[in-house]
Amino acid sequence: MGVRSLTLKDKLNRPLKDIRISVTDRCNFRCFFCMPPDKDIQFLDRKELLTYEEIAKLVKILSQLGVRKVRITGGEPLMRAHLENLIALLSDIEGIKDIALTTNGYKLAQKVKDLKEAGLKRITVSLITLRQERFVSMIGRNVDLEEIIEGIEEAKEVGLEPVKINTVVVKGVNDDEIIDIAEFCRERGLVLRFIEFMDVGTLNGWNMEKVVSAEEILNILSRKYPVEELPKKDESETSLRFKFKDINLEFGIIASVTKPFCRGCTRLRLSADGKFYTCLFSSVGHDVKSLLRGGASEEDIKAFVENLWLNREDRYSELRTQEGVKNLPKVEMFRVGG
Ligand code: SF4
């Protein structure tokens with residue numbers, strides 16, 4: 001008998017369908033648009049992290065409230081040991097239909113086969129430049145770009161489909177590589193998503209001048225390739241969808257700044273230390289770890305999540321320029337996963 005679940009809707013009538021789980025706030029990169037290398041970061045202590053069993057218990061409860069998709073993020077999730085064990089636990093949860101991972105690709109080539117065998121369905125790899133020197137300066141670490149490319153190719157090799165590529169575009173930094181990165185993905189059949197630079201967290205020195213809009217990105221691509229717009233597969237999809245007509249390959253643009261998609265946002269986030277966040281730009285985390293470790297029943301935890309979601313009215317991207325919103329403190333992206 002299938003999983004019977006409630007359809008929980010928030011104050012903007014959005015159902016709870018997706019959970020993004022940060023399994024660690026640590027990362028082996030220090031990308032300037034997320035965790036700049038010159039910032040002093042206090043990372044979580046190991047004992048503060050939810051165990052894989054605790055995460056699986058929460059996901060089981062969430063699946064009874066309508067969650068069908070899980071995305072594993074970080075920081076850098078591959079920094080957490082034996083991640084395949086978590087994926088195996090999540091794969092056993094009846095209601096969960098989709099398990100995806102977002103990674104910077106470091107060490108991916110070595111780990112992706114185990115992750116796939118444990119039940120990983122899809123993967124998204126961040127690729128912000130194809131130039132070695134620029135790569136090192138953007139991530140603040142001396143890492144060989146070839147290692148990331150090997151990881152991407154190995155992900156294809158083991159049969160993860162689709163393999164998506166996320167490219168944050170920042171004006172004056174990597175916007176001169178839009179065509180090169182598109183060509184790289186076209187040659188390999190990778191589903192590319194360009195991401196407008198966002199004012200996530202409080203550390204990346206964001207301002208509107210540094211944003212290359214979805215329209216600008218599309219103009220650059222359309223001058224070079226035959227492009228066609230595609231309808232969204234699902235109201236909650238974050239990406240504007242297009243395809244390269246000549247090779248029938250999809251690509252997307254995530255335009256949180258110029259074309260907010262809050263009205264379709266069905267995502268809840270869980271930080272590595274057991275707090276729920278109802279928006280990427282939240283300033284408040286809702287502690288569920290003390291319930292878990294305090295012996296609360298599944299029903300208690302379910303009621304906690306229901307109350308949280310029923311009262312949710314986040315739509316930061318629609319309000320980001322408004323007084324009273326733009327200066328609110330925000331959780332750092334590496335604590336809740338992008
Ligand atoms: S800004 Fe918040 S509410 Fe809007 S789409 Fe992003 S996470 Fe969802």
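Since we're looking at a predicted model, the values are computed, not measured.

Reading the values: rules and limits
Within each chain, residue numbers correspond to sequence positions counted from 1 in written order. With the structure being a predicted model, the display of local features is reserved for residues of pLDDT at least 70 and the display and counting of side-chain atom pairs for 80 or more, all residues being used for whole-chain, interface and lining totals. Excluded from the side-chain calculation are hydrogens and water; included are all heavy atoms of the structure. Throughout, exposure labels follow a simple rule: accessible area from a 1.4 Å probe, protein chains only, divided by the maximum for the residue type, with under 20% read as buried, over 50% as exposed, and the rest as partly exposed. Think of it this way: any DSSP run of H or I at least four residues long counts as a helix, any run of E at least two long counts as a strand, and we number them from the N terminus. Strand pairing is assigned whenever DSSP detects at least two bridges linking the two strands. When the strands point away from the viewer and the connection leading from the first strand across the helix to the second strand turns clockwise, the crossover is called right-handed. Basic side-chain nitrogens of Lys or Arg form a salt bridge, by our definition, when they fall within 4 Å of a carboxyl oxygen of Asp or Glu.

**Q** Can you break down the pairing of strand E4 (residues 122-126) residue by residue, with the values?
**A** Burial analysis of E4 places four of its five residues in the buried class, the great majority of the element. Where strand E3 (residues 98-103) lies against E4, four bridges are found, and the strand directions are parallel. Among the inter-strand pairings, Thr-102 is bridged to a residue of E4, identified as Thr-124. Regarding the hand of the β-α-β motif, the stretch spanning E3, helix H3 (residues 108-118) and E4 is right-handed. Two strands pair when backbone bridges link them, and E4 and strand E5 (residues 163-169) are joined in this way by four bridges, in the parallel orientation. For Thr-124, the partnering residue across the bridge sits in E5 and is Lys-164.

**Q** Explain the environment of Glu-94 to me, using residue names and the numbers behind them.
**A** Inspection of the secondary structure puts Glu-94 in the loop between helix H2 (83-91) and E3. A sequence separation of 34 residues divides Glu-94 from Lys-60, and the C-alpha atoms of the two residues are 8.2 Å apart.

**Q** Account for unusual backbone geometry, with residues named and values stated.
**A** Each neighbour pair has its own omega, and for Gly-74 with Gly-75 the value is 10 degrees, a cis peptide bond. When you line up the elements, Gly-75 lands in the loop between strand E2 (69-73) and H2. Residue Pro-162 is reached from Glu-161 by a cis peptide bond, and omega for that bond is 0 degrees. For His-82, which is not glycine, the phi torsion reads 55 degrees and is therefore positive. Position of His-82 among the secondary structure elements: in the loop between E2 and H2. Positive phi, normally seen in glycine, also occurs at Asn-248, with a value near 50 degrees. Tracing the chain through its elements places Asn-248 in the loop between strand E8 (240-244) and strand E9 (249-254).

**Q** Could you give an account of the pattern of salt bridges, with specific residues and numbers?
**A** Using the criterion set out here, one finds 29 salt bridges in the structure. Where Arg-186 meets Asp-246, a salt bridge forms, and the shortest distance between an N and an O atom there is 2.7 Å. With Arg-186 in helix H6 (residues 178-188) and Asp-246 in the loop between E8 and E9, this residue pair connects regions lying 60 residues apart in the sequence. Residue classification places Arg-186 among the buried positions, given a relative accessible area of 14%. When its relative accessible area of 43% is taken as the criterion, Asp-246 is described as partly exposed. Because the salt bridges share partners, they merge into one network encompassing Arg-131, Arg-134, Asp-176, Glu-177 and Asp-180.

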